[in-house]
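Listed below, chain by chain, are the residues.
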Amino acid sequence: MLIGKNLSKSYLSKVALDNVSIEVAPGEICGLLGRNGAGKTTLFKILTGLIKADHGEVIIQSSRPKPIGAIIERPGLYNYLNAYDNLKIFAGIQDAKHDRDSIRGYLLKVGLPVDRKDPVRNFSLGMKQRLGIAIALLNNPSCLILDEPFSGLDPIGVASLIDLILNLASRQGIAILLSSHLMGELSKCCRSLYVMDEGRIVNSGATQYLINQHISSYSIVANNIESSKILSKYNTLVGVNEVKVTCNSSEITDLLNELLVEGIQVTACIPDLTLEQLIKGTS
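Residues numbered from 1 in each chain as written. Predicted model: local features only at pLDDT ≥ 70, side-chain atom pairs only at ≥ 80, totals over all residues. Heavy atoms only, no water.

Draft legend 1. Main features of helix α5 (residues 155-172). Across its 18 residues, α5 extends 25 Å between first and last C-alpha, which sits within 8% of the 26 Å expected from 1.5 Å per residue. Phi for Gly173, located one or two positions after α5, is positive at around 65°. (Helix = DSSP H or I, 4+ residues; strand = E, 2+ residues; numbered from the N terminus. Expected span 1.5 Å × (residues − 1).)

Here it is in structure tokens:
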């Protein structure tokens, strides 16, 4: 269990955090959504003990050797070493097991090859993120914090990293807190969300609830969807095999059923929800 209670932090004339409270249960994936500069990284540094809050407290309920592991801003790797040697060095620093089988086990846990010998400077960004997570998982932490883990990844890399995060939460019971400024990434893996703006939590709740409360349009993908007569009842923006429809969450199910009756096979229905909508909403 990871808990931050009434955390505040100021730098000179700038308030970085203003009475922020957050809680993540074991096995839960919680998202922290906010613009760049909203205070996400400051909060993470306080939760991990890298800096002290002016007010408030951090509680980590853990019986494991390492209470919390984290990647903040970007993985700090030795780019001239291979993945195995990186892990071995960090395991020694953290007084974790660093025998051959243990190191290979951590590589396998995050889906990295165990026999790759070239330096990590040759790795893709996604592979570097996985190696950073492997380092954060040394000594089996109860909690894991990931700061903008999807930044710069292509869609395949994002999907692969989401699968890894889901497995870590469900199979190992780790409380995971991750941040992003993009709603789509967090909505795919987070059970709950906190929305930050200017150092404050301005919205929070179950992910699906927040989406349903604030959604105002959907992008529907289907072959020849532009020929639909049903859609004439709605305000739409038509593209090639895709239509953006203005409607809320209570209307979308009926619309999709009507399209099916009309013979249009929908292949994707994506809610269009911006960070600004969640920031302006009320918690």
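Still to come is the rest of the account.
Draft legend 2. Expanded view of the side chain of Ser192. With respect to the helices and strands, the residue Ser192 is situated in strand β8 (residues 192-197). Judged by relative accessible area, Ser192 falls into the buried class, the value being 12%. Filtering out sequence-adjacent residues up to four positions away, Ser192 remains in contact with Glu28, Ile29, Cys30, Gly31, Gly205, Ala206 and Thr207. (Buried < 20%, exposed > 50% of the residue type's maximum accessible area, 1.4 Å probe, protein only. Contact = heavy atoms within 4.5 Å.)

Draft legend 3. Spotlight on the environment of Ile29. Its place among the elements puts Ile29 in strand β3 (residues 29-34). For the pair Ile29 and His98, spaced 69 residues apart in sequence, the C-alpha separation works out to 28 Å. Dropping the residues within four chain positions of it, Ile29 is found in contact with Ile165, Leu166, Ala169, Ile176, Leu178, Cys189, Cys190, Arg191 and Ser192.

Draft legend 4. Here's a closer look at a nonpolar patch on the surface. A contiguous nonpolar surface patch, about 410 Å² in accessible area, is contributed by Tyr78, Tyr80, Ile89 and Ile93. Following the sequence through the fold, Tyr80 ends up in the loop between β5 (68-71) and α2 (83-93). (Patch = residues over 30% accessible without salt bridge, like charges linked within 9 Å, V, L, I, M, F, W, Y side chains within 5 Å. Areas by Shrake-Rupley, 256 points an atom, 1.4 Å probe, with all protein chains shown as cover. Salt bridge = Lys/Arg side-chain N within 4 Å of Asp/Glu carboxyl O.)

Draft legend 5. Region of the structure containing unusual backbone geometry. Positive phi is not limited to glycine here, since Leu12 has a value of about 50°. As for its position among the elements, Leu12 is in the loop between β1 (2-11) and β2 (14-24). The residue Glu198 is not glycine, and still its phi comes out positive at about 50°. Here Glu198 lies in the loop between β8 and β9 (200-206).

Draft legend 6. How the structure looks around the pattern of salt bridges. Going through the model one piece at a time under the given rule, you end up with six salt bridges. Between Asp197 and Arg35 there is a salt bridge whose closest N-O contact spans 2.6 Å. Of the two residues, Asp197 sits in strand β8 while Arg35 sits in the loop between β3 and α1 (40-47), which places them 162 residues apart along the sequence. For Arg35, a relative accessible area of 34% translates into the label partly exposed. Across the pair Arg116 and Asp118 runs a salt bridge, and its minimum N-O distance is 2.7 Å. Among the charged side chains, a network of salt bridges with common partners joins Arg35, Asp197 and Glu276.

Draft legend 7. Layout of the side chain of Arg130. Locating Arg130 in the fold gives a position in helix α4 (residues 125-136). Salt bridges are absent for the buried Arg130, whose nearest opposite-charge side chain, Asp163, sits at 6.7 Å. Among the polar contacts listed, one links the side chain of Arg130 to the backbone oxygen of Val110, at a separation of 2.4 Å. The residues contacting Arg130, other than those within four sequence positions of it, are Val110, Gly111, Leu112, Ser160, Leu161 and Leu164. (Lys, Arg positive; Asp, Glu negative; His and termini not counted. Polar contact = N/O pair within 3.5 Å; in protein donor to acceptor, adjacent residues only side chain to side chain.)

Draft legend 8. Here's a closer look at the packing of aromatic side chains. Per the counting criterion, the structure on display carries two aromatic pairs. Three or more aromatic residues link up through ring pairs in this structure, and these residues are Tyr78, Tyr80 and Phe90. (Phe/Tyr/Trp six-rings, centres within 6.5 Å; stacked < 30°, edge-to-face > 60°.)

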